[in-house]
Amino acid sequence: MLHQSDQPITGTILVADDQAANRELLEELLAAQGFKVITVSDGAAALQESSRAQPDLVLLDVMMPHLNGFQVCEQIKANPDTYLIPVILITALSDRQDRIQGIKVGADDFLSRPVDRTELLARVRSLLKLKLRTDELERAESVLFTLAQSIEGKDPYTHGHCERLAEYSVRLGKHLGLSQDEITALRRAGVVHDVGKIAVPDAILLKPGRLSPEEWKLIQEHPVVGERICAPLKSFRFVLPIIRHHHEKLDGSGYPDGLRGDAIPVTARVLQIVDVYDALTTERPYKHAFSITEALQTMKQEVDKGWWDARIFDQFERLVRNGTADVLSRSAAAGR
Ligand SMILES: [Fe+2]
């Protein structure tokens, strides 16, 4: 349910300022409007409280000891646990350079000193309204993640698969220089890519023996079902192609669309390399867990067959051999 405009806007606001008089002024103003206010006097404490208290908004003075407002803002925005919290930077009046710097570190809005009461409340309310909407969206995402994890949980052999996939496809994506949108999509797709398996009965999903052609056909529908489940979420628009195409093969022999080569989105090509590697290096009802070397050899043969992207596999192999792929390497070692 979205926030209704006639409801009063509430929330917890973190105020970080090294000057006690400034903190008190802001606290008094905001508390009088019914907001819960937390105050801190330096940048390090602001960062700590942002993580611990998960405020709905942060008001940051730019000039603070230890970490200044820019540094705090940058770190809040770089942390997946806090990056959705709106940040208002309080700068000196009309300091253009500060504002440019603030935009670079991801600040959502600015206030000039001396702080104007009406302007402060207007900006705070507008950002809190936005935050409420983001929270709604976050809840929808977390329902999807929980659903995906409960599907994974049905199969004792794939335990932790989604988490490893999310983490490692992000590393591979960064290594390949993909955009931030693509990286975020990979993290989400790592968790939800198989959510369409909800439509596959357990008897088929967990069948240790060979699948009949009808059963195999049902399994092959999971990318399309998954795409349909996630489609209503606008924030998942870069995730949908990964879900739909994570079982395509470069030579066109994959499913569901039989796409070839570059027609398969690069993000899907990244996820499938990590997906295949994780499947090979963990035990399944029909196979033992391959060693890292065995898995890479098998995948190399599949690259030569024309299944996987040679360039992406090459970079992946490099990461694994350098030990940067410790998340997966550990799981492979444990699986042996
Ligand atoms: Fe899949």
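Here's a quick rundown of the structure. Since the structure is predicted, the reported quantities are computational estimates derived from the model, not experimental observations.

Cut-offs used in this document
- Residues numbered from 1 in each chain as written.
- Predicted model: local features only at pLDDT ≥ 70, side-chain atom pairs only at ≥ 80, totals over all residues.
- Heavy atoms only, no water.
- Donors = N, O, S within 2.8 Å, 3.2 Å for Na, K, Ca; no water.
- Tetrahedral: all angles 85-135°; square planar, octahedral: opposite > 155°, others 65-115°.
- Helix = DSSP H or I, 4+ residues; strand = E, 2+ residues; numbered from the N terminus.
- Buried < 20%, exposed > 50% of the residue type's maximum accessible area, 1.4 Å probe, protein only.
- Phe/Tyr/Trp six-rings, centres within 6.5 Å; stacked < 30°, edge-to-face > 60°.
- Lys NZ or Arg CZ within 6 Å of the ring centre and 35° of its normal.
- Contact = heavy atoms within 4.5 Å.
- Pairing = 2+ DSSP bridges.
- Axes fitted to C-alpha atoms, helices over the stretch in contact; angles between N-to-C directions.

## Observations concerning the coordination of the iron ion
Stage number 1. Surrounding the iron ion are the protein donor atoms Asp194 (OD), His222 (NE2), His246 (NE2) and His247 (NE2), at 2.1 to 2.3 Å.
Stage number 2. Around the iron ion, the 4 donor atoms are arranged such that angles at the metal cover 83 to 175°; this shape is classified as irregular.
Stage number 3. Sequence spacing of the donor residues for the iron ion, all on one chain, is D-x27-H-x23-H-H. One end of the pair, aspartate 194, is in the loop between helix 7 (180-192) and helix 8 (202-205); the other, histidine 247, is in the loop between helix 11 (240-245) and helix 12 (266-281), with 53 residues separating them in the sequence.
Stage number 4. The class of aspartate 194 is buried, set by a relative accessible area of 14%.

## Quick word on the packing of aromatic side chains
Stage number 1. All told, the structure shown has 5 aromatic pairs when counted by the stated rule.
Stage number 2. Look at tryptophan 216 and tyrosine 255: their rings are 5.9 Å apart centre to centre, the planes differ by 80°, and that puts the pair in the edge-to-face class. A residue pair is termed long-range when its members are at least 10 positions apart, and tryptophan 216 in helix 9 (residues 213-219) and tyrosine 255 in the loop between helix 11 and helix 12 qualify at 39 residues.
Stage number 3. The exposure class assigned to tyrosine 255 is buried, which follows from its relative accessible area of 12%.
Stage number 4. Counting every residue linked through ring pairs, the aromatic cluster contains Tyr168, Tyr277 and Phe316.
Stage number 5. Over the aromatic face of tryptophan 307 sits the side chain of lysine 249, whose NZ or CZ is 3.7 Å from the ring centroid.
Stage number 6. The ring of tryptophan 307 carries the charged tip of lysine 305 above its face, separated from the ring centre by 4.1 Å.

## Things to note about the environment of proline 86
Stage number 1. Mapped onto the fold, proline 86 is located in the loop between helix 3 (69-78) and strand 4 (87-92).
Stage number 2. A sequence separation of 22 residues divides proline 86 from aspartate 108, and the C-alpha atoms of the two residues are 5.8 Å apart.
Stage number 3. Proline 86 has contacts with Asp56, Leu57, Val58, Lys77, Asp108, Leu127 and Lys131, leaving out every residue within four places of it along the chain.

## Some words on the sheet that holds strand 3 (residues 57-61)
Stage number 1. Strand order in the open sheet formed by 5 strands is 2-1-3-4-5, and the pairing between neighbours is parallel. Both outer strands of the open sheet, strand 2 (36-40) and strand 5 (109-113), are each paired with one neighbouring strand and no more. Averaged over all adjacent pairs, the angle separating strand axes in this sheet is 20°, with direction ignored.
Stage number 2. Pairing of strand 4 with strand 5, which is carried by 5 bridges, proceeds in the parallel orientation. Looking at the pairing, isoleucine 88 lines up with aspartate 109 of strand 5.

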